Amino acid sequence: MLKPVLALFAGILLLITLAAAGAGGVLSSLFGQSTTQPSRAAMEDIPPENFALYTEAAATCPGLDWTILAAIGKIESDHGRSTLDGVSEGANHKGAMGPMQFLPGTWADVVAEHPPPARGDAKPSPYNLHDAVYASAAYLCDSGAHQGRNLRDAIYTYNNANWYVSDVLTQAAQYTSPATVGGDNDASPAALEAIAYAEGQLGLPYLWGGDGPAAGEDGFDCSGLTRAAYQAAGITIPRVAQDQFNAGPRVPSDSLQPGDLVFYGTPTNIHHVGIYIGEGQMINAPRPGSLIEIAPYRYGGDDYAGATRPAASLQL
């Protein structure tokens, strides 16, 4: 069933973008100012109309990726499919309205300053998907997403809860191609749990010696992130990258699976570690002044030293 579904989704998207932009501008129209492409999970889950709106609205805010809007749409209302109070009419118990769940005062302020593209003579409505998605993009943009100034703060402004920020970033990662982890491989449940934890930390700052919010710290360093991820999966590994490398078990480079730890340096002088997530990508805390991110695990000039598989300890 998967191939027909994907083919139908791709065909609908192609028609939308051809009509809107002409054949020469298909990719730039489809993905706005982002090159992030949808994962299989995204194509299976996001209705084509919603996907088109997320990408179009994200393009109005340089630095905002469509996956953030899509993640909020998923969490707030399952892309408008939820039958809970306040999605299609009325309000929920907190007063939020519509598929992107705006409070009345916030809605009024946002659309007054950033009117969504006109729909004839219709007044902007929080229940209208088109208006709600464009308003969400504008709200995030003003709150820190513009040029990527502070995406975590922008999401936190949308809903003042750290768990919400982590849920949005995790969902956004699952909607991108590198995050199709475990789809076509033998990754263990523990490995996937470690990855899910790491995805929830995307956007946190690099902090030398940092062990993350659970330890009362704002961010992680590289090995603090990998240790915390595997702790979340019920596996204890050493704190520093060299000791993590020494702990093994080692994995040949041609046999990597999502959840494996990838190391850089030399076998006796490891200076960096990340979590491999499949398709040549890893989640890592790169360096001071950077944020936890998804990036290629091999790159020009790297000093890749090898990989280990902590999850193997639960398979013995």
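Up top you'll find the structure we're talking about.
Since this is a predicted model, take the numbers as computed values, not measurements.

In total, this model carries one disulfide according to the counting rule given. Disulfide partner of cysteine 61: cysteine 141, at an S-S distance of 2.1 Å. Every disulfide takes its handedness from the sign of the S-S torsion; for cysteine 61 and cysteine 141 that torsion is 90°, giving right-handed. With a gap of 80 residues between them, cysteine 61 in the loop between helix H4 (48-58) and helix H5 (66-77) and cysteine 141 in helix H7 (residues 129-145) connect regions that are remote in the sequence. Residue classification places cysteine 141 among the buried residues on the basis of a relative accessible area of 10%.

Gaps left between atoms are located by rolling a probe of water-molecule size over the structure's atoms. When its volume is computed, the second largest pocket comes out at roughly 580 Å³. Glu76, Asn92, Lys94, Ala96 and Asn159 are the residues nearest the centre of the second largest pocket, which is lined by 20 residues in total. Sorting the residues of the lining of the second largest pocket by element identifies H5, helix H8 (151-158) and helix H9 (162-174) as the ones contributing at least two each. Split into classes, the residues belonging to the lining of the second largest pocket amount to 10 nonpolar, seven polar and three charged.

Counting 71 residues, the largest nonpolar core has Trp66, Ile68, Leu69, Leu140 and Tyr230 as the members making the most contacts within it. Per-element accounting of this core gives the leading share, 11 residues, to H7. Contacts of isoleucine 68, omitting those with residues within four sequence positions, involve Leu140, Leu151, Ile155, Val168, Leu169 and Ala172. Within the second largest apolar cluster, nine residues are counted, among which are Leu256, Tyr276, Met282 and Tyr297.

Here we come to the packing of aromatic side chains. Following the criterion strictly, the structure yields 11 aromatic pairs and no others. With a centroid separation of 4.8 Å and 65° between ring planes, the pair formed by phenylalanine 51 and tryptophan 66 is classed as edge-to-face. Within this pair, whereas phenylalanine 51 is found in helix H4, its partner tryptophan 66 is found in helix H5, the two being separated by 15 residues in sequence. Like phenylalanine 51, the residue tryptophan 66 is buried in the burial classification. Taken together through their ring pairs, the aromatic side chains of Tyr264, Tyr276, Tyr297, Tyr299 and Tyr304 make up a single cluster. Stacked on the ring of phenylalanine 245, the Lys or Arg arginine 250 has its end atom at 3.8 Å from the ring centre.

Let us now look at the sheet that holds strand E6 (residues 304-308). The six strands are arranged E1-E6-E2-E3-E4-E5 in an open sheet whose pairing can be described as antiparallel. The sheet is open, and its two borders are formed by strand E1 (250-251) and strand E5 (293-296), each paired with just one other strand. Here four bridges tie strand E4 (residues 281-284) to E5, and the two strands are oriented antiparallel to one another. Residue pairing for E5: glutamine 281 is matched across the bridge by proline 296. Relative to strand E3 (residues 269-278), helix H10 (residues 189-199) is tilted by about 100°, and along the sheet it contacts E3 and E4.

Let's shift gears to the packing of H10 against helix H11 (residues 222-232). It is at 8 Å that the axes of H10 and H11 come closest, and there the two elements cross at 125°. Our classification of the angle between H10 and H11 gives oblique. Relative to H11, the crossing made by H10 is right-handed. Residue-level contacts link Ala190, Ala191, Glu193, Ala194, Tyr197 and Ala198 of H10 to Leu225, Ala228, Ala229, Tyr230 and Ala232 of H11. Of the residues that constitute the contact of H10 with H11, the class distribution is 10 nonpolar, no polar and one charged.

A few words on the pattern of salt bridges. Applying the stated criterion to the full structure yields 10 salt bridges. Put simply, aspartate 78 and lysine 74 hold a salt bridge, and the shortest N to O gap is 2.8 Å. On the accessibility criterion, aspartate 78 (26% relative accessible area) is partly exposed. Salt bridges sharing partners connect three or more residues here, namely Asp45, Lys74, Asp78 and Arg81.

This part is about the pairing of E3. For E3, a buried count of eight out of 10 residues is recorded, marking the element as mostly surrounded by other parts of the structure. As paired strands, strand E2 (residues 261-266) and E3 are joined by six bridges and run antiparallel to one another. Residue pairing in the sheet places phenylalanine 263 in a bridge with valine 273 of E3. What sits between the antiparallel neighbours E2 and E3 is a turn of two residues. In this antiparallel pair of consecutive strands, E3 and E4, the connection spans two residues, and glutamate 279 shows a positive phi of 55°.

One can describe the packing of H7 onto H8 by two numbers: an axis separation of 7 Å at closest approach and a directional angle of 125°. Comparing their axes, H8 and H7 come out oblique. Between H7 and H8 lies a crossing whose hand is right-handed. Each of Ser136, Tyr139, Leu140, Ser143, Gly144 and Ala145 in H7 lies in contact with H8, whose residues at this interface are Leu151, Asp153, Ala154, Ile155, Thr157 and Tyr158. Among the residues making up the contact of H7 with H8, the classes are represented as seven nonpolar, four polar and one charged.

What counts, and where the lines are drawn
Residues numbered from 1 in each chain as written. Predicted model: local features only at pLDDT ≥ 70, side-chain atom pairs only at ≥ 80, totals over all residues. Heavy atoms only, no water. Disulfide = S-S within 2.5 Å. Helix = DSSP H or I, 4+ residues; strand = E, 2+ residues; numbered from the N terminus. Buried < 20%, exposed > 50% of the residue type's maximum accessible area, 1.4 Å probe, protein only. 1 Å grid on protein atoms, 1.4 Å probe; cavity = no way out; pocket = protein on both sides within 12 Å on 5 of 7 lines; lining within 4 Å. Points joined across faces, edges and corners; volume = space filled by probe spheres on them. Nonpolar A, V, L, I, M, F, W, Y, C, P; charged D, E, K, R; others polar. Core = buried A, V, L, I, M, F, W, Y, C linked by side-chain atoms within 4.5 Å. Contact = heavy atoms within 4.5 Å. Phe/Tyr/Trp six-rings, centres within 6.5 Å; stacked < 30°, edge-to-face > 60°. Lys NZ or Arg CZ within 6 Å of the ring centre and 35° of its normal. Pairing = 2+ DSSP bridges. Axes fitted to C-alpha atoms, helices over the stretch in contact; angles between N-to-C directions. Parallel < 35°, antiparallel > 145°, perpendicular 65-115°, else oblique. Left-handed = near helix turned anticlockwise from the far one by under 90°. Salt bridge = Lys/Arg side-chain N within 4 Å of Asp/Glu carboxyl O.

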